[in-house]
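Breakdown of the fold
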Amino acid sequence: MKKIPVNELPIRSKKEIAEGVGKIIHFLHTGQRSAADLLIEELKIRSLYLEEPIQRALLIFAEEVQFQYAYDPWHKVTQEVEDAADKLIENLGFFPPSE
């Protein structure tokens, strides 16, 4: 686990969390639970210095991923996991480009 600097700029923390979401989804898809669990814990620590809606969205995302590991031995990315990831990314301030 990386050491999280307490004086890290919020935008850097948000970027790291957003990238971590992608990695966790990859770990879920490939069945790498221990790697996903470590990264989830790192992201939870990182979120402590961010706004409460981000913290809540991260916990919901983590819960969905961990439920999916327990529920489905094939570790498929479900709509619930996707929705939780999308909500977290939006709470971080990242949105898809408008058309």
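For the structure itself, look to the data block above.
These lines cover the structure that appears in this document, whether it is placed above or below. (Residues numbered from 1 in each chain as written. Predicted model: local features only at pLDDT ≥ 70, side-chain atom pairs only at ≥ 80, totals over all residues. Heavy atoms only, no water.)

**Examining the overall build of the protein**
Secondary structure assignment for the protein yields 4 helices and 0 strands. Helices (α) and strands (β) of the protein occur, in sequence order from the N terminus, as α-α-α-α. Scaling as 2.2 N^0.38, a compact globule of 99 residues should have a C-alpha radius of gyration of about 13 Å, and the protein matches this with 13 Å. By its C-alpha atoms, the protein is 40 × 40 × 20 Å across when sized along the principal axes. The buried share among the 99 residues of the protein stands at 35%. Put simply, 70% of the contacts in the protein that link residues at least 6 apart link residues at least 24 apart. Counting every atom, the protein has about 6,400 Å² of accessible surface; 57% of that belongs to carbon and sulfur. In the protein, 12 side chains carry a positive charge and 17 a negative one; their mean positions are 8 Å apart. (Helix = DSSP H or I, 4+ residues; strand = E, 2+ residues; numbered from the N terminus. Rg over C-alpha atoms; globule rule 2.2 N^0.38 Å. Buried < 20%, exposed > 50% of the residue type's maximum accessible area, 1.4 Å probe, protein only. Contact = heavy atoms within 4.5 Å. Areas by Shrake-Rupley, 256 points an atom, 1.4 Å probe, with all protein chains shown as cover. Lys, Arg positive; Asp, Glu negative; His and termini not counted. Charge placed at Lys NZ, Arg CZ, Asp CG, Glu CD.)

**So, the environment of Glu80**
If you trace the backbone, Glu80 turns up in helix H4 (residues 79–91). Overall, the relative accessible area of 47% leaves Glu80 in the partly exposed class. Taking the C-alpha atoms as reference, Glu80 lies 10.0 Å from Ile60; in sequence the two are 20 residues apart.

**Overview of the pattern of salt bridges**
Within this structure, the stated rule accounts for 8 salt bridges. In this structure, Lys15 and Glu19 form a salt bridge, with 3.1 Å as the shortest nitrogen-oxygen distance. Placement of both Lys15 and Glu19 in helix H1 (residues 10–30) is noted, with a separation of 4 residues, approximately one turn of the helix. Given the relative accessible area of 39%, Lys15 is considered partly exposed. Relative accessible area serves as the criterion here: at 37%, Glu19 is assigned to the partly exposed category. A salt bridge links Lys44 to Glu41; the shortest N-O distance between them is 3.3 Å. Of this pair, Lys44 and Glu41 both sit in helix H2 (residues 33–47), separated by 3 residues, roughly a single helical turn. Given a relative accessible area of 24%, Lys44 falls into the partly exposed group. For Glu41, a relative accessible area of 35% translates into the label partly exposed. In this structure, a network of salt bridges that share partners links the residues Glu8, Glu42 and Arg46. (Salt bridge = Lys/Arg side-chain N within 4 Å of Asp/Glu carboxyl O.)

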